[in-house]
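Each chain is listed here by its residues.
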Number of protein chains: 2
Amino acid sequence: MPVASTPETPTLLERRRATLGSHSPLFYNTPLEIVSGKGVWLRSAEGKRYLDAYNNVPHVGHAHPAVANAVSQQMRKVALNTRYLNDRVVNYAEALLATLHPTLNRVSFGNSGSEANELAIRLARFKSRNTGLIMSDYSYHGTTLTLAQATTGLTTSEAMGENVRTIRIPDSTGLDNAATERLLASSLAEVDSVITSLQNAGFGVAAVLFDPLFSTEGLAKVPAGYVEGLVKRVREAGGLYIADEVQSGFGRVGRLMWGHELFDAVPDIVTMGKPMGNGHPLGATVMNAELLEAFGAENMFFNTFAGNPVSSAAGHAVLQVMTDEQLMPRAAANGALLRRELSGAVAGVAGVGEVRGDGLFAGMRFTDPETGEADPATAKRVVESMYRDGVLISRIGRNDEVLKIRPPLAFEAGDVEVLVTKLSRIIAAL
Amino acid sequence: MPVASTPETPTLLERRRATLGSHSPLFYNTPLEIVSGKGVWLRSAEGKRYLDAYNNVPHVGHAHPAVANAVSQQMRKVALNTRYLNDRVVNYAEALLATLHPTLNRVSFGNSGSEANELAIRLARFKSRNTGLIMSDYSYHGTTLTLAQATTGLTTSEAMGENVRTIRIPDSTGLDNAATERLLASSLAEVDSVITSLQNAGFGVAAVLFDPLFSTEGLAKVPAGYVEGLVKRVREAGGLYIADEVQSGFGRVGRLMWGHELFDAVPDIVTMGKPMGNGHPLGATVMNAELLEAFGAENMFFNTFAGNPVSSAAGHAVLQVMTDEQLMPRAAANGALLRRELSGAVAGVAGVGEVRGDGLFAGMRFTDPETGEADPATAKRVVESMYRDGVLISRIGRNDEVLKIRPPLAFEAGDVEVLVTKLSRIIAAL
């Protein structure tokens, strides 16, 4: 919490506004100043401890010594670009590709998920010779102009690109079988319709791009067969399937390394970012050799920072810690525990929907018990109350009405208990 | 140099091709494997030392302990995003903005020059309500789709954007006053013509984007008044002036912190990248408060990795080392020495043009003495010979016919002597 300002000593918040501007976003009604972290715990400037049940960037835990050591040691050696040979980037690329389907056998490193998605779109346009993009109607994939023109899940001043079409991701949460079947049919009909629209407009289909966990959409539970049907239709139109694993990847699902493995469709391109370097700026675009070779033959593509030995050391250390500390089985077990305990805690509470998500990612939707309408105000009150109680979570969904519980993978069973105990108490007191 | 391959033990180069693809660019006919660096010296896998007179990313010197220590210490504390308050990013933002003109008083951090230029273009389109871009006809500003559609200095498969117009940057090297005046007039007439073309096509002018040292163009020596005239015309058309300081910034010019200070025109937006974090992925877009506030009011803009405390620590350490080690006055002195010595060494050699550049950035153009045509083959032979002699340089220019000598700012007078001695010998033996 910022200290009171005097004319002589501006607060940190005031100094921030005078350099980064007043719109640079901050969490919570009263912004939180963090000074240190360890594992899943953060410490504020006031000395208060917070349980981090929100951040997926510090994937293996805040300030993990193995990642810090790997970066520190390599920085004392050299950090040159990939126009010089260096074994670090090759070792890391091999380790990363070994976690993916054999057809996903080439990687181009970048510095963020935005850069990864930009390259994916360039590759898809190149391969398909089309320009049309199919996007979820409530999603976000990056900061660049092209991605801003395809952003539906937050405010941008850019109009939607004329070659962009949006689809509603179906959510079968709470529906019976018959209703789910009807939803599947109507959703795939919408896919057919946007493909026809792109073709009629002369753009054709370059790609569909989505997060396989549909996180921004509020962890939508898609009907069985939806993703497979969507991908099949896009491919028949000559387009590619790009899976954005920025939120769903690196073992978030627990039993699976990648979110796209939830479905019976191997992506043509996989993009990565956030958790990849435990906070070190690192992204990647993964694809088949044939695609990269064809693109490389007609494009001089080079990214100055990407794949440098320090970034590679950070990324490789993350994979190593995931193995050493068995983070995937732990995420599977603790994620199941989290969702089971949350379900028990909110069972029968009016206005709180069923617990959604997969692996170590959980959400609960708030609605007005009278009208059934989305209730973002209550979700916000819960997030702010949890913050006052020392637990960090956030919100997602079309109306910001779904709690977002997505802790670092190092989250323990005891951390689940802390979170569920506090959340139960807050929800009971609503 | 890679070890010979056997079926059982693929070389590092083969393993690289099998992961990063065969088109991921490498320098030199025989790629160089670098294992460590210190200051301006690099060491290869074979144990050979190389003088680095090419890389501007390791700005304050390879593996500088002050930068490594700053990153290492902060990584052991916390590396959270800017939605939490942290003093590191604010301290760094203040230090960075203090080096710029008072109207350039807000910064948005990113992870690369590409991200910085993407935001600059979004800002320029937002402010101008136009979409037209004016670019140098031999330039490169990043890896993204929009930038690929505005790339003229290397091969991309994308066609030039329909809202992009190119101008030839005038080079008065070797011209007398009258010829320079004629060149100035015709070049500004070309600017008028592309502005009219953008307006007639309905795009209007959003921005002109260029590197104030015109590095990719071969360190073109623009006639006095050209940049001022170009910027004036763009502004009269409602467009913004974006200076890309990825190569020209951070004291490269020696006597000036920023390349744009060479001209009597303050940019509306300044973008930064390469040298900013001494290899840590870091970029920035700097602008006036009014522009950022207006954009922020209509755009939820947030970059996950950017401005995290570790990246901020890296960037701030670079600024601190520049002051502590007096790198700008050293670059001014050693750059002047470099260009003086090079001029002496090549004076009167047929087919070698006058030494160009500014600060610690020098180039020499090779031409066929008979025809006067660009001679990239000889420039390439010189680069490869220097490499065999243990000095790293490269090539720029419209035909890759200009030597590119752009060492880390830590380059010393003794390093200048080593470089000039070897280069003189190689040129004498051509």
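Residues numbered from 1 in each chain as written. Chains lettered and ligands numbered in written order. Predicted model: local features only at pLDDT ≥ 70, side-chain atom pairs only at ≥ 80, totals over all residues.

A.B. asks: Can you help me understand the relation of the copies chain B and chain A in this one?
C.D. replies: One copy of the chain maps onto the second through a rotation about an axis and a displacement along it. By a simple turn and slide, chain B fits onto chain A: the slide is 0.0 Å along the axis, the RMSD is 0.0 Å, and the turn is 180 degrees. The relationship between the two copies is best expressed as a two-fold rotation axis. In terms of proximity to the rotation axis, the leading residue of chain B is Ser 72 of chain B, whose C-alpha is 2.6 Å off the axis. In this assembly the copies share their binding face: 100% of the residues contributing to the interface of chain B also contribute to that of chain A. (Least-squares fit on C-alpha atoms with pLDDT ≥ 70 in both. Contact = placed C-beta atoms within 7 Å.)

A.B. asks: I tried to follow the sheet that holds strand β2 (residues 41-44) of chain B on my own but got confused; where do I start?
C.D. replies: The pairing of strands in a sheet happens through backbone hydrogen bonds and is either parallel or antiparallel. Residues and elements named next belong to chain B. In space, the four strands of this open sheet follow the order β1-β2-β3-β13, with mixed pairing throughout. The sheet is open, and its two edges are formed by β1 (34-38) and β13 (391-392), each paired on a single side. Two strands pair when backbone bridges link them, and β1 and β2 are joined in this way by four bridges, in the antiparallel orientation. Along β2, the bridge assignment pairs Ser 36 with Arg 43. (Pairing = 2+ DSSP bridges. Helix = DSSP H or I, 4+ residues; strand = E, 2+ residues; numbered from the N terminus.)

A.B. asks: Even after reading the chapter, I still don't get the interface of chain B and chain A, so can you show me in this structure?
C.D. replies: For interface size, the figure often reported is the accessible area lost on association. Listed as interface residues are 85 residues of chain B and, on the opposing side, 85 residues of chain A. Take the side of chain B that touches chain A: its biggest share by element is seven residues, from helix α4 (residues 113-128) of chain B. Considered class by class, the residues forming the side of chain B that touches chain A number 41 nonpolar, 29 polar and 15 charged. (Nonpolar A, V, L, I, M, F, W, Y, C, P; charged D, E, K, R; others polar.)

A.B. asks: I would appreciate a short explanation of helix α12 (residues 413-428) of chain A in the present structure.
C.D. replies: Structural remark: α-helix, 3.6 residues per turn; residues separated by three or four positions point the same way. Residues and elements named next belong to chain A. The terminal C-alpha atoms of α12 lie 22 Å apart, and with 16 residues this matches the ideal 22 Å at 1.5 Å per residue to within 8%. Asp 415, Val 416, Leu 419, Val 420, Leu 423 and Ile 427 are the residues of α12 that are buried. The buried residues of α12 all sit within an arc of 125 degrees when viewed along its axis, so they share a single face. Across from the buried face of α12, at angles greater than 90 degrees, the exposed residues are Gly 414, Arg 425 and Ala 428. (Expected span 1.5 Å × (residues − 1). Buried ≥ 20, exposed ≤ 12 C-beta atoms within 10 Å, placed from the backbone. Arc of directions from axis to C-beta.)

A.B. asks: Which parts of the structure should I look at to understand the sheet that holds strand β13 (residues 391-392) of chain A?
C.D. replies: The mixed open sheet is built from four strands, whose spatial order is β1-β2-β3-β13 (chain A). Among the strands making up the open sheet, the edge pair consists of β1 (34-38) and β13 of chain A.

A.B. asks: Would you mind showing me how to read the environment of Arg 16 of chain A here?
C.D. replies: All names here are of chain A. By the secondary structure assignment, Arg 16 is in helix α1 (residues 12-20). Among the residues examined, Arg 16 registers 24 C-beta atoms within 10 Å and is labelled buried. Distance in space between the C-alpha atoms of Arg 16 and Asn 278 is 25 Å, their sequence separation being 262 residues.

A.B. asks: Whenever I open this one, the domain arrangement of chain A confuses me. Can you help?
C.D. replies: Residues and elements named next belong to chain A. Partitioning chain A into structural domains gives domain 1 (32-60 + 326-428) and domain 2 (65-324). If you average the C-alpha positions of domain 1 and of domain 2, the two centres end up 25 Å apart. Contacts between the two partners involve 25 residues from domain 1, matched on the other side by 26 residues from domain 2. Of the residues forming the side of domain 1 that touches domain 2, the biggest block, five residues, is contributed by helix α10 (residues 327-346). (Domains from an automatic or database assignment.)

A.B. asks: Looking at this structure, I do not really get helix α9 (residues 309-324) of chain A. What am I missing?
C.D. replies: All names here are of chain A. Under the 1.5 Å per step criterion, the end-to-end length of α9 is 22 Å for 16 residues, consistent within 8% with the ideal 22 Å. Counting buried positions along α9 yields 12 of 16 residues, so the element is predominantly enclosed. Burial in α9 covers these residues: Pro 309, Val 310, Ser 311, Ser 312, Ala 313, Ala 314, Gly 315, His 316, Ala 317, Val 318, Val 321 and Met 322. Those residues of α9 that are buried are in contact with α2 (65-75), α3 (87-97) and α10. Positive phi shows up at Gln 326, right after α9, with a value of about 55 degrees.

A.B. asks: What exactly am I supposed to notice about the nonpolar core here?
C.D. replies: The tendency in soluble globular proteins is for nonpolar side chains to be buried as a group. Membership of the largest hydrophobic core comes to 251 residues, with the highest contact counts inside it found for Val 71 and Ile 242 of chain A together with Val 71 and Ile 242 of chain B. If we ignore the near neighbours within four places in the chain, the residues touching Ile 242 of chain B are Ala 120, Ala 124, Ala 207, Val 208, Leu 209, Pro 267, Asp 268, Ile 269 and Thr 271 of chain B. (Core = buried A, V, L, I, M, F, W, Y, C linked by C-beta atoms within 7 Å.)

A.B. asks: Quick question: what am I supposed to make of the environment of Ser 24 of chain A here?
C.D. replies: Inspection of the secondary structure puts Ser 24 of chain A in the loop between α1 and β1. When the C-alpha positions of Ser 24 of chain A and Phe 210 of chain A are compared, they lie 26 Å apart, and in sequence the two are 186 residues distant.

A.B. asks: In this structure, what is going on with the packing of helix α10 (residues 327-346) of chain B against helix α12 (residues 413-428) of chain B? I would like to understand it.
C.D. replies: Axis angle and axis distance: for two packed helices, these are the angle between their axes and the distance between the axes, and together they describe the pair. Residues and elements named next belong to chain B. Interhelical geometry of α10 versus α12 gives an angle of 20 degrees and a closest axis separation of 10 Å. Between α10 and α12, the angle falls in the class roughly parallel. Where α10 crosses over α12, the two elements pack in a sense that is right-handed. The residues of α12 that touch α10, namely those facing Asn 334, Leu 337, Leu 338, Glu 341, Leu 342, Ala 345 and Val 346, are Ala 413, Val 416, Val 420, Leu 423, Ser 424 and Ile 427. (Axes fitted to C-alpha atoms, helices over the stretch in contact; angles between N-to-C directions. Parallel < 35°, antiparallel > 145°, perpendicular 65-115°, else oblique. Left-handed = near helix turned anticlockwise from the far one by under 90°.)

A.B. asks: Just to check I follow, could you spell out the pairing of strand β3 (residues 49-52) of chain B for this structure?
C.D. replies: Residues in a regular strand point their side chains to alternate faces of the sheet. All names here are of chain B. As paired strands, β2 and β3 are joined by three bridges and run antiparallel to one another. Counterpart to Leu 42 in the pairing with β3 is Tyr 50. Where β3 lies against β13, two bridges are found, and the strand directions are parallel. Bridge pairing in β13 links Leu 51 to Val 391.

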